[in-house]
Amino acid sequence: MFQAKVLQLILITSVLSNSQHFSPETDHCYARNENRYVKVGTKTAYHFIHGGERGYKTIPKCKPVMIWMMIRHGTRYPVQSEINQMKSLSMLQTQIIYNHEILQSGHLCPEDLENLKRWRLSEFITYENSELVNDQGVKDMNEFGKRIGNNFPALFPPSVTEISERIYKFRRASGTRMITSLKAFMGGLLGRDDIPEEQLEANSRLWTGYSQCPRWETEVANNPEHLTEITKFSNGSEYRNMISSVSARLGFPHDINKRIIYHMWTMCSYDMALNVTKLSPWCAVFTDEEMRVFEYRDTLVDYYKRGNAHEYNVRLGCPPLRDMVDSFRKIEGNDDSYSMEPRGVFNVGRSRSYHLFMAALGIANDSSPLLASDFKLRKKYLWNTTEIGSFGANIAAVFYKCNDSASPNKVKFYQTEKPVDYPGCVDGLCDWEYLKSKFRKQLLECDNVDFCYKTSTEPSPVNLLPVAKFVLISSVLVLIIFRKRHMVRMSKKFLVSCNRCRNTSLI
């Protein structure tokens, strides 16, 4: 038994680095904290951040005639790569307990240590469940639907009997998460989930424009130069101090590898999201300030990969923006044409398409780019993934008919059920003509995706579909590689032949 303990100690310490020792906080006790920090970026449960009933207000002299929404799916189980990380924590758990009870080097309070001893990976966190929304996600989406219905009774009267695509339009991206989330939302909104819904094609640009854009992958999502601020922050003093503090608190003589620290935060995030009333022993290893370090890193990642930090993100978010504008154009007339259009259009998809739409819409648009140095210097930033990108996050655009002869059409935006102070609008209530003017140029370029394929020297044909362009480029590359290899082989044969001739002549 003792030998097993020694082997585990050797295995754990093999991943430790040799940075400076950092004194832990001795008064930190997560179990005793009644106001725990629950903000963990895109993995935050919707339960913790939505505006609720207080977020909606009646607009004087105006009546809502349509609501258009973009919604991220509800809380999901971890994906397979995350599950692999979580399974590795059981060995770390053993070492932390050993540090406290045998080496007497740890600094977790007794309650936090006891909770860590009892921790076991949930039986529901499995590879089979990795694509599923969990019970908390279903509950959040259902209650969200109820609040929408209660706050817009003119659009969702309790006595409604006709439920069809003409009255309400429900659309989703492909995948089990979207099916479950949409049905839970419909159940809360209209009291039933057997409502006609539309599954858009897997390659619909409303959801997956980014996956059809090779240059987005190379120049935005996976471009080290574009992601420099993320690297700076991950290697900066705040992040290093956090690692040192956590390592010392857990009883290690040197800094734990940063990947292991991140795995603990990931487990903490899911523990809170999957069960909002349960304490997570892995959250106990972090102070509130250390949790904010991870939250800001999550924000930087999302801002640069999906936010308005890059023009491509704004352009790829155009299709849902156009869908919203086109829906409202159909009801902008002075007659009662709105009665012939759906009262609600609801779209449920993944976080990536949701955030690209946000970038195109111009919501949470910071006046200057987010930087690694802003963690301490910037008191407030709009692109905060906890507030704008949690599980179940959503944007609602409500179209109003108002008693205003000069400007009868108005639009108000809500994000996570909180009113948006949209730029250029009075108290968040936007003139429809202003919005149309604002988006006009953007929408004219909505179908132009040449930027996804062409290079500075070889513009791609404009009359080819995106998939055809990709196939063409791939075929050309394969041909070039094949021809190059063929020429190399021919050159080698020629050199060998020449050498033989030379050797023969010398004999």
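Everything discussed here concerns the structure shown above.
The rules behind the values
- Residues numbered from 1 in each chain as written.
- Predicted model: local features only at pLDDT ≥ 70, side-chain atom pairs only at ≥ 80, totals over all residues.
- Heavy atoms only, no water.
- Buried < 20%, exposed > 50% of the residue type's maximum accessible area, 1.4 Å probe, protein only.
- Helix = DSSP H or I, 4+ residues; strand = E, 2+ residues; numbered from the N terminus.
- Pairing = 2+ DSSP bridges.
- Right-handed = clockwise from strand over helix to strand, strands pointing away.
- Axes fitted to C-alpha atoms, helices over the stretch in contact; angles between N-to-C directions.
- Parallel < 35°, antiparallel > 145°, perpendicular 65-115°, else oblique.
- Contact = heavy atoms within 4.5 Å.
- Nonpolar A, V, L, I, M, F, W, Y, C, P; charged D, E, K, R; others polar.
- Salt bridge = Lys/Arg side-chain N within 4 Å of Asp/Glu carboxyl O.
- Disulfide = S-S within 2.5 Å.
- Core = buried A, V, L, I, M, F, W, Y, C linked by side-chain atoms within 4.5 Å.
- Left-handed = near helix turned anticlockwise from the far one by under 90°.

Enquirer: How should I be thinking about the pairing of strand 2 (residues 168-172) in this particular structure?
Expert: Remark: a regular strand shows side chains that alternate across the two faces of the sheet. In terms of burial, strand 2 is largely enclosed, as four of its five residues are buried. Bridge count between strand 2 and strand 4 (residues 344-349): five bridges; the pairing is parallel. Counted as the bridge partner of F170 is F346 from strand 4. For strand 2 and strand 3 (residues 198-199), the ladder comprises two bridges, and the chain directions are parallel. Across the sheet, the residue bridging to R171 is E198, located in strand 3. Handedness of the crossover joining strand 2 and strand 3 through helix 6 (residues 176-190): right-handed.

Enquirer: I'm lost on unusual backbone geometry in this one. Help?
Expert: Note: most residues except glycine have negative phi, and most peptide bonds are trans. The backbone of A364 shows a phi angle near 60 degrees, a positive value even though the residue is not glycine. The topology assignment puts A364 in the loop between helix 15 (351-361) and helix 16 (374-377). One non-glycine residue, D427, adopts positive backbone phi at about 55 degrees. As for its position among the elements, D427 is in the loop between strand 7 (418-419) and strand 8 (429-431).

Enquirer: Is there a simple way to explain the packing of helix 11 (residues 258-274) against helix 12 (residues 288-306) in this structure?
Expert: Packed helix pairs are characterised by how far apart their axes lie and by the angle those axes make with each other. Between helix 11 and helix 12, whose axes approach to 11 Å, the crossing angle comes to 90 degrees. Here helix 12 runs roughly perpendicular to helix 11, going by the angle between their axes. Of helix 12, the residues touching helix 11 (which contributes I261, Y262, W265, C268 and M272) are M291, F294, E295, R297 and D298. A class-by-class count of the residues in the contact of helix 11 with helix 12 yields seven nonpolar, no polar and three charged.

Enquirer: How should the pattern of salt bridges be read in this particular structure?
Expert: All told, the structure shown has 25 salt bridges when counted by the stated rule. For D431, the salt bridge goes to K410, with nearest N and O atoms at 4.0 Å. Of this pair, D431 sits in strand 8 while K410 sits in strand 6 (residues 409-415), placing them 21 residues apart in sequence. Overall, the relative accessible area of 22% leaves D431 in the partly exposed class. Among the residues examined, K410 registers a relative accessible area of 14% and is labelled buried. The network of salt bridges with common partners includes E101, E114, K117 and R118.

Enquirer: Sorry if this is basic, but what is going on with the state of the cysteines here?
Expert: Disulfides are covalent bonds that link the sulfur atoms of two cysteine residues. All chains considered together, the criterion is met by six disulfides. One disulfide bridge connects C213 with C452, the sulfur atoms lying 2.1 Å from each other. Where C213 bonds to C452 through sulfur, the torsion about that S-S bond is close to -100 degrees, and the disulfide is left-handed. Note that C213 is positioned in the loop between helix 7 (205-208) and helix 8 (214-221) and C452 in the loop between helix 18 (432-444) and helix 19 (466-506), a separation of 239 residues in sequence.

Enquirer: I'm lost on the nonpolar core in this one. Help?
Expert: Note on soluble globular proteins: their nonpolar side chains tend to be buried together. Counting 125 residues, the largest nonpolar core has W282 and F413 as its most contacted members. Element by element, the count of residues in this core is highest for helix 11, at ten residues. Those residues in contact with W282, other than ones at most four positions away along the chain, are L89, L92, Q93, I96, L116, W119, M264, M267, C268 and D271. Within the second largest apolar cluster, twelve residues are counted, among which are C213, V220, V449 and F451.

Enquirer: I would appreciate a short explanation of the packing of helix 14 (residues 318-329) against helix 18 in the present structure.
Expert: Taken N-terminus to C-terminus, the directions of helix 14 and helix 18 make an angle of 140 degrees; their axes are 11 Å apart at the nearest point. By the angle between their directions, the pair helix 14 and helix 18 is classed as oblique. In the crossing of helix 14 with helix 18, the sense of the turn from one axis to the other is left-handed. Across from C318, L321, R322, M324, V325, F328 and R329 in helix 14, the residues of helix 18 making contact are W432, K436, F439, Q442 and L443. Taken together, the residues of the contact of helix 14 with helix 18 break down into eight nonpolar, one polar and three charged.

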